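These are the residues of each chain, in order.
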Amino acid sequence: MTIPITGHTGFTGLLGTPVKHSISPLMHNESFRQLGLDLVYLCFEVGEEQLETAVAGLKAAGIAGFNLTMPCKNRMAQLCDELSPAASLIGAVNTVVHTDGKLIGHNTDGIGFWRSAEEAGFSVPDKTVTLMGMGGAATAIAVQAALDGVKELNIFARPTSRFWNRAVTLTDSLNQQTSSQVRLFEQQDTTALNHALDTSDLLVNGTSVGMAPHTDATILPDVSPLHPELTVADVIYNPRETLLLRQAKEAGCKTFNGMYMLLYQGAEAFRLWTGQEMPVEHIKQMYFK
């Protein structure tokens, strides 16, 4: 079934740069087609300096909602009329809903990750999680974990990173605003890391270490703390099996990668815009084999 574009067709889209490589138009347009929704999804090459002007124009044109990718996520948080709890804590927006003249900002990255974790057999509540990194993806994962009721969250990050101060502030905020116990450690503190892994249910690599073309790198040079009761996840999906995941499999751990995080963050945006569930099994078969 092909839905013709008419004068009644609504539109959604993606803002950022670069966006020409994005799989989001394929996912969303196929989902609109499958459900018979009179909507289209377009890509707009927009840098941070043009974002305010572009958003004003799209709002005036009646856009139903839109996604943000780098480098626009943080700036968009300042342009929204309202923010979801996750977006407010993260300080970044990847999904906007335009309703009643207002721009409501959400961050679905963490939801996407934890939904992919559930599919791999891991549920968040009352668990202990160790998270490596504090960039954009890791921050979203940490915030959503705390909002979803993780018992303990151990975050390891580099104190020399430009994200360190944000990690300190976020740790304090999550301890104050959620029931989770959140701790921040320096990444080189191997004693603390080994102890954290010994008591953790899940280890997440939220960094780019191990991503192609640097596939011989791992965030965990010493694999001795890995144990079969530990699940190991990597936000990287190129390659689909990183060195870390291979190491974890050899240690008897369950593993999963970040491919379905991309799918499910898009599925949550789709739900926010349309009130309907994205046909994820169909989208998996088409674009995530």
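The rules behind the values
Residues numbered from 1 in each chain as written. Predicted model: local features only at pLDDT ≥ 70, side-chain atom pairs only at ≥ 80, totals over all residues. Heavy atoms only, no water. Helix = DSSP H or I, 4+ residues; strand = E, 2+ residues; numbered from the N terminus. Polar contact = N/O pair within 3.5 Å; in protein donor to acceptor, adjacent residues only side chain to side chain. Contact = heavy atoms within 4.5 Å. Pairing = 2+ DSSP bridges. Axes fitted to C-alpha atoms, helices over the stretch in contact; angles between N-to-C directions. Expected span 1.5 Å × (residues − 1). Buried < 20%, exposed > 50% of the residue type's maximum accessible area, 1.4 Å probe, protein only.

1. A look at the side chain of S116
Turning to step 1, where the next piece is worked out: Inspection of the secondary structure puts S116 in helix α5 (residues 109-119).
Turning to step 2, where the next piece is worked out: Polar contacts involving the side chain of S116 include one to the main-chain carbonyl oxygen of F113, which spans 2.5 Å.
Turning to step 3, where the next piece is worked out: Leave out the neighbours within four places in its chain, and S116 touches F256, Y260, M261 and Y264.

2. Structural notes on the sheet that holds strand β1 (residues 10-16)
Turning to step 1, where the next piece is worked out: If you walk across this open sheet you meet the six strands as β2-β1-β3-β5-β6-β4, and the pairing is mixed. Both edges of this open sheet fall to β2 (39-45) and β4 (82-83), since each of them pairs with a single strand only.
Turning to step 2, where the next piece is worked out: Contacts from helix α1 (residues 24-35) reach β1, β2 and β3 (65-68) within the one sheet, and its direction differs from that of β2 by about 165°.
Turning to step 3, where the next piece is worked out: The strands touched by helix α2 (residues 51-60) within the sheet are β1, β2, β3, β5 (95-99) and β6 (102-106), with β1 carrying the most contacts at an inclination of about 175°.

3. Considerations on the sheet that holds strand β11 (residues 231-234)
Turning to step 1, where the next piece is worked out: If you walk across this open sheet you meet the six strands as β9-β8-β7-β10-β11-β12, and the pairing is parallel. Of all the strands in the sheet, the pair left with one neighbour each is β9 (181-186) and β12 (254-256). Strand-to-strand twist across the sheet, computed as the mean angle between neighbouring axes with direction ignored, equals 15°.
Turning to step 2, where the next piece is worked out: Bridge count between strand β8 (residues 152-157) and β9: six bridges; the pairing is parallel. Residue pairing in the sheet places N154 in a bridge with R183 of β9.
Turning to step 3, where the next piece is worked out: In this fold α5 packs onto β7 (128-132), β10 (202-205), β11 and β12, with an angle of close to 140° to the strand it touches most, β12.

4. Some remarks on α1
Turning to step 1, where the next piece is worked out: With 12 residues, α1 should reach 16 Å at 1.5 Å per residue; the first-to-last C-alpha distance of 17 Å fits that figure.
Turning to step 2, where the next piece is worked out: Listed in full, the buried residues belonging to α1 are S24, P25, M27, H28, E30, S31 and F32.
Turning to step 3, where the next piece is worked out: Elements that come into contact with the buried residues of α1 comprise β1, β2, β3, α10 (259-274) and α11 (280-287).
Turning to step 4, where the next piece is worked out: Count one or two residues on from α1 and you reach G36, which has phi positive near 70°.

Interpretation in functional terms is not warranted from these geometric data alone.
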